[in-house]
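Below are the chains, spelled out letter by letter.
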Amino acid sequence: MANKRIDEPTGTETVGHEWDGIEELDTPMPRWWLWTFYITIAWAAVYVVLYPAWPLISHGTQGVLGWTSRGQLAKEMSAADAARQSLREQIAAIDVEKLAASPDLMSQAVAGGAAAFKVNCVQCHGSGAAGSAGYPNLNDDDWLWGGSLPAIHQTILHGIRQPGDDQTRTSQMPAFGDILEPRQISDVAGYVMSLSGKGPANAAGAQIFADNCAVCHGADGKGLRQFGAPNLADAIWLYGGTKQDVMRQVRAPRHGVMPAWQGRLDPVTIKMLAAYVHSLGGGEDFTQVTETPVEQSNEQP
Amino acid sequence: MSNPDEPKIEEGVVKTTQPVSSAVADAVAGARRHEPHEPARQHLPEKLYEPRRAVHNKRIDGPFRRFKWLVMFVTLAIYYGTPWIRWDRGPYAPDQAVLVDLAHRRFYMFGIEIWPQEFYFVAGLLIMAGIGLFLITSAVGRAWCGYSCPQTVWTDVFQHVDRFIDGDRNARMRLDAAPWTWSKALRRAFKWTIYLAIGFWTGGAWIMYFADAPTLVHDFWRGEAAPVAYITVAVLTLTTVTLGGFMREQVCIYMCPWPRIQSAMMDEKSLTVTYKDWRGEPRGSLKKARKDPEHYGDCVDCLQCVAVCPTGIDIREGPQIGCITCALCIDACDRTMAEVGRPRGLIDYATLEDCKREAAGEAPRPVWKTLLHPRTLIYLGIWSALGLAMLFALGTRSRIDISAAPDRNPPFMLLSDGSVRNSFTVKLRNMSTAPRRMKVTLDGLPGAVMWTSTTSREAAARSIETTVPADATAPLRLYIAAPKGTGEQPFSFHLVTLDKQAERDTAKVTFSGPGAGG
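This report concerns the structure included in the present document. Since the model is a prediction, treat every value here as computed from it, not as a measurement.

## Overview of the overall build of chain B
In terms of helices and strands, chain B carries 18 helices and 14 strands. Split into buried and exposed, the 518 residues of chain B put 47% on the buried side. Sequence separation of at least 24 residues holds for 71% of the intrachain contacts in chain B that already meet a minimum separation of 6. For chain B, the exposed surface amounts to about 26,400 Å²; the carbon and sulfur share of it is 64%.

## A closer look at empty space enclosed by the protein
Under the criterion given, the structure shown has eight cavities of 30 Å³ or more. Of the volumes computed, that of the second largest cavity is approximately 100 Å³. Of the residues contributing to the lining of the second largest cavity, the split by class is 12 nonpolar, three polar and no charged.

## Remarks on the sheet that holds strand E2 (residues 106-109) of chain B
Across a sheet, paired strands are connected by hydrogen bonds in the backbone, their directions being either parallel or antiparallel. All names here are of chain B. Reading across the sheet, the three strands line up as E1-E2-E3 and stay open at both edges, with antiparallel pairing between neighbours. The open sheet terminates on both sides in strands that have one partner only, identified here as strand E1 (98-101) and strand E3 (112-114). Put simply, the sheet's adjacent strands are angled 10° from each other on average, direction ignored. Where E2 meets E3, three bridges bridge the pair, whose relative direction is antiparallel. Counterpart to Met-109 in the pairing with E3 is Ile-112.

## Regarding the side chain of A:Lys271
All names here are of chain A. Along the chain, Lys-271 turns up in helix H10 (residues 267-279). Of the side chains with opposite charge, Asp-95 comes closest to the buried, unpaired Lys-271, at an N-O distance of 5.6 Å. One polar contact links the side chain of Lys-271 to the main-chain carbonyl oxygen of Ala-92, over a distance of 3.1 Å. Those residues in contact with Lys-271, other than ones at most four positions away along the chain, are Ile-91, Ala-92, Ile-94, Val-96, Leu-99 and His-153.

## Here we look at the interface of chain B and chain A
Many descriptions give the size of an interface as the accessible area lost when the pieces come together. The partner chain A presents 23 residues to the 31 residues of chain B that form the contact. Between chain B and chain A, a total of about 2,100 Å² is buried, with carbon and sulfur atoms accounting for 53% of that surface. When the area that chain B buries against chain A is broken down by residue, the three leading residues are B:Tyr92, B:Ser416 and B:Thr454, summing to 26%. Here chain B and chain A share one salt bridge between them. Ionic pairing is found between B:Arg457 and A:Asp141, a salt bridge with its closest N-O pair at 3.7 Å. Linking chain B with chain A are seven residue pairs in polar contact (both at pLDDT 80 or more), by the criterion used here. Counting only elements with at least two residues in the side of chain B that touches chain A, the list comes to strand E7 (413-414), strand E11 (463-468) and strand E12 (472-482) of chain B. Considered class by class, the residues forming the side of chain B that touches chain A number 16 nonpolar, 10 polar and five charged.

## A look at a nonpolar patch on the surface
A cluster of nonpolar side chains, namely A:Met29, A:Trp32, A:Trp33, A:Trp35, A:Phe37, A:Tyr38, A:Ile39 and A:Ile41, defines an oily patch on the protein surface of about 930 Å² accessible area. Mapped onto the elements, A:Trp35 comes out in helix H1 (residues 31-50).

## A few points about the pattern of salt bridges
Residues and elements named next belong to chain B. In total, this model carries 39 salt bridges over all chains according to the counting rule given. Measuring nitrogen to oxygen at the nearest pair gives 3.7 Å for the salt bridge that ties Glu-362 to Arg-357. Overall, the relative accessible area of 44% leaves Glu-362 in the partly exposed class. A single network of salt bridges, built from pairs that share partners, joins Asp-162, Asp-166, Asp-176, Arg-187, Arg-188, Lys-191 and Arg-248.

## Section: the sheet that holds strand E14 (residues 504-514) of chain B
Residue and element names in this part refer to chain B. One open sheet accounts for four strands, arranged E11-E9-E13-E14; its pairing is antiparallel. Strands with a single pairing partner mark the edges of an open sheet, and in this sheet they are E11 and E14. Taking the axes of each pair of neighbouring strands and ignoring which way they run, one obtains an average angle of 25° across the sheet. Note that strand E9 (residues 436-443) and strand E13 (residues 487-497) share six bridges and pair antiparallel. Across the sheet, Asp-443 pairs through a bridge with Ser-492, a residue of E13.

Cut-offs used in this document
- Residues numbered from 1 in each chain as written.
- Chains lettered and ligands numbered in written order.
- Predicted model: local features only at pLDDT ≥ 70, side-chain atom pairs only at ≥ 80, totals over all residues.
- Heavy atoms only, no water.
- Helix = DSSP H or I, 4+ residues; strand = E, 2+ residues; numbered from the N terminus.
- Buried < 20%, exposed > 50% of the residue type's maximum accessible area, 1.4 Å probe, protein only.
- Contact = heavy atoms within 4.5 Å.
- Areas by Shrake-Rupley, 256 points an atom, 1.4 Å probe, with all protein chains shown as cover.
- 1 Å grid on protein atoms, 1.4 Å probe; cavity = no way out; pocket = protein on both sides within 12 Å on 5 of 7 lines; lining within 4 Å.
- Points joined across faces, edges and corners; volume = space filled by probe spheres on them.
- Nonpolar A, V, L, I, M, F, W, Y, C, P; charged D, E, K, R; others polar.
- Pairing = 2+ DSSP bridges.
- Axes fitted to C-alpha atoms, helices over the stretch in contact; angles between N-to-C directions.
- Lys, Arg positive; Asp, Glu negative; His and termini not counted.
- Salt bridge = Lys/Arg side-chain N within 4 Å of Asp/Glu carboxyl O.
- Polar contact = N/O pair within 3.5 Å; in protein donor to acceptor, adjacent residues only side chain to side chain.
- Buried area = accessible area lost by both parts, 1.4 Å probe.
- Patch = residues over 30% accessible without salt bridge, like charges linked within 9 Å, V, L, I, M, F, W, Y side chains within 5 Å.

What follows is the structure, given as structure tokens:
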């Protein structure tokens, strides 16, 4: 049992515990400490009344202030949206092909597009927009449907091969496995390889190409954008650049699809996406650009 | 001169006789003939702290007081006046001589403009200020504390307000002790109003360093200034009144770490305010001393040194932490010595060496020898070397800068003709006060060309010219196409200004590519 006694030198009662001759004095708490403690208790009581605090079985107590973290987020988001409103209105008002002529707006659009790209486009085109087999690389200078701002905008709006959208991009390459002999397929694939400097040209392949392929891909194999027919004479291959790949594509071509983003994303976001994709380095057609961003007026901020 | 009516107030002195922990204190304590009363440490004090007793220091005139007036005038003039000095920097920069432009991350100081990446200049200035403090302390002791420390200056200002409203020492002590009357309440209210006004002016002057002063004053009074301006003024008003009006010498004695550090900075060759006890002791009133001149020293125990002390200490108890070496006690003591017809310097600036010498009957060394001891010279050397290095850096610093960051995702891109393309975000910085035409050139990377996000590849070339606005950073997106089969290799962007100065800078980067196999 505790052995309480008065400690001689200090005149304070001990708590009665002793460890190896060391005793603990029953010194009262400092008053300031106690008051701090009481204030925290009072604070907690007020807090419980004002804010959501107690978890119950299916929900929690609400608090009389009606504050929620979701509500606060919604408020902050709408404040941020309101702050961006003027920018969005300006982008909404401008034709997409004139965006590049306004460097400030363009750079804002590129930044907004980069964010939207990371949410909506990276699943197919990759986080750096470098694509993969069957998914076009948006950084390079090869464009199936054109790389100007309006062309990119059109592609994003209406997608690729979207049924029910009459403006969607549609290209259709026949499956030549039912039309040509395997020997002919090999020949024409060899000829296609030779167009971009891989392997020797062959006359038989050239004839087959002229009869069957030149209609869409052009006599020189450089493709036709109005049909979305790829350029076969360059170093970029959507479905692979080996002869095997080319033969497979002649025999039973694959066709990519892309959603139409009109209706899924708002028009301003789609314009921003077009600006971002154009800025990745492969964009074409700068005729609208009148001055470079760094050469604008330089007033002290 | 001793006043028989004057109450003995030495018990009112804050006891801070705990010896300064250094050789100085030990040696001086040893040289003293009578030891100060040792504080009893055997039992715990009944109260946690000794309540503060107000210090009502007496007005005094003398060379040190006049020097203190001068320093006070100069430092306050610098503090309150500097933001109002104008400095024409042309159309692209603000016209305030000293301006900390936090919003645009610039620091202007007369002809010098500091960018964030040049902050080492400010760091260097701070280090110089630190070493300067060491230098001053090792040479002339706590001169910083005594004359130019803001706490000292503002406490002095507040004490003069006290004197102006309530009268000098005796009148103030009487008023303190007197019961509350309307007249006393009015006086006190008036006094605190003036304290608040001084505090407000002090806080107000501080914010002027962070924005254009005339505009800010205008906006401030119209309620249009930034909230941070009002908050800063409120906080600084409060701290000025608290530290200068309430706490005063307690800041020096209890709060400030500098006296503790200073005791380590000082040695037996540092000047300090000293009571020459071998000359003054045993002390006694003039009447007693005249009766028995053989038995008494020069100190007539008039207590004027205590009465004038702004921290309320008795210098005759030896060097102590409460002594800020403002030397007002020297003025007071010299005046008394003149009145009683004894030589001045019973309390005087002296080094410990001098004290020993003088106590032993030798002549003191000349002051210049004291000031030029090795420790002082070493500090002076370090301080000057730093200053010269900074001046050199300032004189030769470049006002342009280029930095380049490659895109990492993807690291390179194959183009339709087989060539390899890399993308870089290049930043061109123009730190001068006029727009400058600059040229970026590819250095290395044979056969490569570059273009920007606003020009097409048809316009690609080995170099790009652009104009960077004054005082700005221009981001530039550069695409570089190298011939087919180019592999990873280092190269650099070379920047040169197309004006007379032709300043240059280079950014080293690496080009990525698949190499011959790709």
